[in-house]
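# Summary of structural features
Chain by chain, the residues:
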Amino acid sequence: MEQEEKSYPINAYLAIVIAIVIASVAAWYSIKGLMTLFSAAAFEIAVMGVVLEIGKLVTASWLYRNWHSKGALLKAYLSFALVILMLITSLGIFGFLSKAHLEQSIQSGGNNIIKVESLQRRIDNEQRAIRDAETVISQLDTVVETLLKYDRVRGEEGALAVRKSQTEERAELNSIINTSFLNIEELQIELLPLKKQQLELEVEVGPLMYVAELVYGKDAKENLGEAVRLVILLIVMVFDPLAVLLLIAGNIALDNHRRSIVDGKVSIDASSVAFMD
């Protein structure tokens, strides 16, 4: 009897402690997310979040312990309030994690992507200038070749004269081509470290890429943001609800432990009475 009275429901207390820890972390993430949305009243939002989180845990515990003894209207309202508070916490967590992902993307590669695209556009423009210049040179060559084909070599309108008249234009076109090639080399030198940083970012988001490939297949790279949101949703779905359910589970375990102690006392008292008889 003494051993039973001194026994402690470790699992029940552990569940309640873990529930409080999870709820505290969830509340912190949620408050941070809500403070981002309502930055003009950050302190007030923090106070409100702490109070509502405590109220949510107390409400969950109270509903379990008084479910069979209180009125339906009160239980309905408290249940509704509990669900709404869980949704608010989950939305705050979603906002916090989404903001963290966006900030990490910007710091690691957001501006990088803009620079890469800008440099790539400049390279494309230089390549276009080279193609245009080469096209014009090809047209000039075609004129000379046509004259040679019809054996019009000499004279004011012959191939030699026409070729000579093209000298200045050809020099200008070749200068454009050479300048564009030099510009492309300089731009590629500038582009190389940026692409290296992009590869490093892809290594950082490698696990998310696997998730994206699992869901979106070949379109994984274009849907990386969707994969991130999917992971955040999975975290949100088990974060705050787990804390509430663990708190209820701890209460159930405590009740079962108390009942086992009471049943043990009753059985011992009954056996003592029988022995005295």
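## What to know about the overall build of the chain
Along its length, the chain carries 8 helices and 0 strands. Counting helices and strands in the order they occur from the N terminus, the chain gives α-α-α-α-α-α-α-α. Counting only residues that meet the buried cut, the chain has 30% of its 277 residues in that class. Counting contacts in the chain only where the partners sit at least 6 residues apart, residues at least 24 apart contribute 71% of the total. Counting only carbon and sulfur atoms, one obtains 64% of the accessible surface of the chain, whose full area is about 18700 Å².

## Re the pattern of salt bridges
According to the stated counting rule, one finds 5 salt bridges in the structure shown. Each of Glu53, Lys56 and Asp240 takes part in salt bridges that share partners, so that together they form one network.

## Some thoughts on helix 2 (residues 10-37)
Between its terminal C-alpha atoms helix 2 stretches 40 Å, which fits the 40 Å expected from 28 residues at 1.5 Å a residue. The complete set of buried residues in helix 2 reads Ala12, Ala15, Ile16, Ala19, Ile22, Ala23, Ala26, Ala27, Ser30, Ile31, Gly33 and Leu34.

## Brief notes about the packing of helix 2 against helix 3 (residues 42-66)
Orientation of helix 2 relative to helix 3, taken along the N-to-C sense of each, is 150°, at an axis distance of 9 Å. As judged from the angle between their axes, helix 2 and helix 3 are roughly antiparallel. Relative to helix 3, helix 2 is oriented so that their crossing is right-handed. Contact residues: Ala23, Ala27, Ile31, Leu34 and Met35 in helix 2; Ala42, Ile45, Ala46, Gly49, Val50, Glu53 and Leu57 in helix 3. Among the residues making up the contact of helix 2 with helix 3, the classes are represented as 10 nonpolar, 1 polar and 1 charged.

## Details of the nonpolar core
Membership of the largest hydrophobic core comes to 22 residues, with the highest contact counts inside it found for Ala60, Leu82, Ile93, Ile232, Phe239, Val244 and Leu247. Of all the elements in the fold, those that place two or more residues in this core are helix 2, helix 3, helix 4 (72-149) and helix 8 (224-276). Excluding its chain neighbours within four sequence positions, the residues that come into contact with Leu82 are Lys56, Thr59, Ala60, Leu63 and Val244. Within the second largest apolar cluster, 13 residues are counted, among which are Val116, Leu119, Ile137 and Leu191.

## Quick notes on the side chain of Asn66
Along the chain, Asn66 falls in helix 3. With relative accessibility at 17%, the residue Asn66 sits in the buried group. Among the polar contacts made by the side chain of Asn66, one reaches the main-chain carbonyl oxygen of Trp62 at a distance of 2.9 Å.

## What about the packing of aromatic side chains?
Per the stated rule, a full pass over the model turns up 2 aromatic pairs. Between the aromatic rings of Tyr29 and Phe239, the centroid separation amounts to 5.9 Å while the plane-to-plane angle is 85°, which identifies the pairing as edge-to-face. Taken together, the residues Tyr29 in helix 2 and Phe239 in helix 8 connect sequence positions 210 residues apart. Among the residues examined, Tyr29 registers a relative accessible area of 25% and is labelled partly exposed. An aromatic cluster of three or more residues is present, and its members are Tyr29, Phe96 and Phe239.

## Quick notes on the confidence of the model for the chain
Averaged over all residues, the pLDDT of the chain equals 79, while 75% of them reach at least 70. Here helix 1 (residues 2-6) stands out as the element of the chain with the lowest mean pLDDT, 43, in contrast to helix 3, whose mean of 89 is the highest. Considering only residues more than four positions removed or in separate chains, one finds that residues 266-276, a stretch of pLDDT under 50, has 1 contact.

## As for a nonpolar patch on the surface
Side chains of Tyr77, Phe80, Val83, Ile84, Leu87 and Ile88 sit close together on the surface and give an oily, nonpolar patch of about 580 Å² of accessible area. On the secondary structure map, Ile88 appears in helix 4. Since its relative accessible area comes to 35%, Ile88 is described here as partly exposed.

## Quick look at the environment of Arg229
With respect to the secondary-structure elements, Arg229 resides in helix 8. Taking the C-alpha atoms as reference points, Arg229 and Phe94, separated by 135 residues in sequence, lie 8.5 Å from one another.

## Some details on the environment of Pro241
Here Pro241 shows up in helix 8. Remark: the alpha-carbon pair of Pro241 and Ser90, spanning 151 residues in sequence, is separated by 8.9 Å. Not counting residues up to four positions away in its chain, the partners in contact with Pro241 are Met86 and Val236.

The rules behind the values
- Residues numbered from 1 in each chain as written.
- Predicted model: local features only at pLDDT ≥ 70, side-chain atom pairs only at ≥ 80, totals over all residues.
- Heavy atoms only, no water.
- Helix = DSSP H or I, 4+ residues; strand = E, 2+ residues; numbered from the N terminus.
- Buried < 20%, exposed > 50% of the residue type's maximum accessible area, 1.4 Å probe, protein only.
- Contact = heavy atoms within 4.5 Å.
- Areas by Shrake-Rupley, 256 points an atom, 1.4 Å probe, with all protein chains shown as cover.
- Salt bridge = Lys/Arg side-chain N within 4 Å of Asp/Glu carboxyl O.
- Expected span 1.5 Å × (residues − 1).
- Axes fitted to C-alpha atoms, helices over the stretch in contact; angles between N-to-C directions.
- Parallel < 35°, antiparallel > 145°, perpendicular 65-115°, else oblique.
- Left-handed = near helix turned anticlockwise from the far one by under 90°.
- Nonpolar A, V, L, I, M, F, W, Y, C, P; charged D, E, K, R; others polar.
- Core = buried A, V, L, I, M, F, W, Y, C linked by side-chain atoms within 4.5 Å.
- Polar contact = N/O pair within 3.5 Å; in protein donor to acceptor, adjacent residues only side chain to side chain.
- Phe/Tyr/Trp six-rings, centres within 6.5 Å; stacked < 30°, edge-to-face > 60°.
- pLDDT = per-residue confidence, 0-100.
- Patch = residues over 30% accessible without salt bridge, like charges linked within 9 Å, V, L, I, M, F, W, Y side chains within 5 Å.

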